[in-house]
Every structure is written in structure tokens, then in C-alpha cells.
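Residue strings, one per chain:
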Amino acid sequence: MAEIVSILSGKGGVGKSTIVSALGYSLAAEGKRTLIAELDLGLRGLDLMLSLSDRIVFDLGDLLCGRCTLSDALVCSPYTSRLFLIPAPSSPLSELDAGQLSALLFELSPHFDFILLDMPAGLYLSPALTAALSDTALIVATPDAVSVRSAGKVRAMLEERDFFSHRLLINRFSRSPFKKSGFAHMDQVIDMVGSQLMGIFPKDEKGILFLQNGSEPMEGSAFLTVARAVARRLMGIYIPLLIH
Ligand SMILES: Nc1ncnc2c1ncn2[C@@H]1O[C@H](COP(=O)(O)OP(=O)(O)OP(=O)(O)O)[C@@H](O)[C@H]1O
Ligand SMILES: [Mg+2]
């Protein structure tokens, strides 16, 4: 059965979809059959990042309503045969029902090693869905006060639902702005969120260009190097934490 990993945040725009895409490529490169399910209603974007937009016919909404079969809705990456996407419904008015999603994941689970759920930002839907559906939650925050506080709120909402299997990913880290961020040390960020740190993604505009252009993964970029390490940690392999 697949390990189901949700990627969520309080504040929007912190890099969840970017990280999900890089983790998807990284798990696939490690030989793991990986499915990314995009749950951001009406805000589809992963098809562009993963270079799949011209292959999309059906989406998660069609699948949940029974308008298509599982194999109709799964789209395979042009760059690796081990990475698949189910795109988000294009309508913001679609509804995501935890019971329906759980039944769908149960059906998909035997066919994959990992299923990554790209959650919408905010507190309205994601903490409840994450607690109901996933084995592990990765809370993404950028090193600024608003994002860190909202990540702490997400962590608290998960724990209110008796979900404790959460980890923290810091994104867009760079040493000099970090000093100006008001945090004296990374430990302060970790303490405020209250979740164990699993990776620090550098601010790396060049290293994520391949996702913005929907081109082939750019091996060796600092961003992808961290994604590879996080993917291996998800597989249970010990990889020391490094700051790039
Ligand atoms: N490590 C990084 N370095 C530089 N730019 C980054 C990094 N991570 C993400 N970005 C940029 O930040 C922007 C937001 O990223 P992304 O769409 O992945 O965030 P998100 O959390 O999924 O947003 P939303 O909450 O709207 O779903 C994008 O323009 C992306 O290219
Ligand atoms: Mg997103």
C-alpha cells in the first residue's frame, strides 16, 4: 500500500506545489512509483509544472463524480514512467468530500509506493483532510513571521485531530535575509511551528526554472538536491540535514 503524504501550509504561496513536484521527481528517481494528486480546487498548476497540460482530459472532479475511470484520470510524466498526476478540478465550485477521497485513495494505494497530496493553502480544508487521509504531513513555511505563525496553527489543528505524524519543511531559505527575518536562529522557527525539521529548501530561482518552464528536471540544482534528500528521508533512509 502507498505511503500517503500531504503537503500543506497556513499561508499561501510558500512553495508547496514546487516542493511536491520536486519530491515527485525525486521519489520516481529513487525507483518509487509516485502519484501526485492536486487538491487545490480551481487553481490547477501542477500540470504546467510537470509538463502535462496538453495531456489532461479528465481531472479529480471527474473521477470523484464517476465521469471517468482511474486510468482515464492518471497522466504519466513525459520524463519518467514512475510519476503520475491527477490534476485538480478546474472549477473552484467543486467539492472535496473526505469520505469519497478516502475511498479513491484506497483504490489507488496498491498501485503506488507514494501518493503526494498537494493541499490548498489555509486552515479551512487542509488540516482536516490531511488528518483524515494521510500517513504523514509535511508543513511548508518560509522563514518569515507570518508564514511561521500560520504553520504553527496548522500543526496545532492537526494535533487537535490526534494527528502527530507531521514534519516541517522550510522553503526559500537564504542566509542574509534570514538574519533580517527577526529570527535569531533556525531553532526559533522550529520551536514556533512545533514540528520536527525534515528539510531546508534554499531560495533557488535558477534551480526551479525547469518547473516554471515545465521542462526536464534540472539535476544537480541546490533545490533538487534537498528534494532528493527529503525523498530519501520519506523512504526511511537517514540523511543528515544540511543547509545549502
Ligand atoms: N525555493 C524557491 N526559490 C525561489 N522561488 C521559489 C522557491 N519555491 C517556490 N518558489 C516560487 O514561489 C512561487 C510560489 O510557489 P508555489 O506555487 O509552489 O507555492 P504554493 O504554496 O503551492 O502556492 P499556493 O498556496 O497558491 O498553492 C512560485 O513562483 C515559485 O516558483
Ligand atoms: Mg500550490
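Engineer: Just checking my understanding: could you explain the overall build of the protein chain for this structure?
Structural biologist: What the protein chain contains, in helices and strands, is 11 helices and 8 strands. Relative to the 2.2 N^0.38 estimate, which gives 18 Å for 244 residues, the radius of gyration of the protein chain is 17 Å and therefore close to what a compact globule would have. On the principal axes, the C-alpha backbone points of the protein chain span a range of 55 × 40 × 30 Å. Buried positions account for 54% of the 244 residues belonging to the protein chain. Carbon and sulfur atoms make up 52% of the accessible area of the protein chain, which amounts to about 10800 Å² in all.

Engineer: Would you explain the side chain of aspartate 118 in this entry?
Structural biologist: Of note, aspartate 118 is situated in strand 5 (residues 114-118). Within the buried core, aspartate 118 has no salt-bridge partner, and the shortest N-O distance to an opposite charge, that of lysine 16, equals 5.9 Å. Side chain to side chain, aspartate 118 and serine 17 meet in a polar contact 2.7 Å long. Once residues within four sequence positions are removed from consideration, aspartate 118 is found in contact with Ile7, Lys16, Ser17, Val20, Ala37, Glu38, Leu39, Asp40 and Leu46.

Engineer: Help me understand the packing of helix 5 (residues 98-108) against helix 6 (residues 126-133), please; the structure alone is not making it clear to me.
Structural biologist: Axes are the key here: two packed helices are described by the angle between their axes and the distance separating the axes. Direction vectors running N to C along helix 5 and helix 6 enclose 40°, while the axes themselves pass 10 Å from each other. Classified by the interaxial angle, the pair formed by helix 5 and helix 6 is oblique. Helix 5 and helix 6 meet at a crossing whose hand is right-handed. Contacts between helix 5 and helix 6 pair Ala98, Leu101, Ser102 and Leu105 from the former with Leu129, Ala132 and Leu133 from the latter.

Conventions we followed
Residues numbered from 1 in each chain as written. Chains lettered and ligands numbered in written order. Predicted model: local features only at pLDDT ≥ 70, side-chain atom pairs only at ≥ 80, totals over all residues. Heavy atoms only, no water. Helix = DSSP H or I, 4+ residues; strand = E, 2+ residues; numbered from the N terminus. Rg over C-alpha atoms; globule rule 2.2 N^0.38 Å. Buried < 20%, exposed > 50% of the residue type's maximum accessible area, 1.4 Å probe, protein only. Areas by Shrake-Rupley, 256 points an atom, 1.4 Å probe, with all protein chains shown as cover. Lys, Arg positive; Asp, Glu negative; His and termini not counted. Salt bridge = Lys/Arg side-chain N within 4 Å of Asp/Glu carboxyl O. Polar contact = N/O pair within 3.5 Å; in protein donor to acceptor, adjacent residues only side chain to side chain. Contact = heavy atoms within 4.5 Å. Axes fitted to C-alpha atoms, helices over the stretch in contact; angles between N-to-C directions. Parallel < 35°, antiparallel > 145°, perpendicular 65-115°, else oblique. Left-handed = near helix turned anticlockwise from the far one by under 90°.

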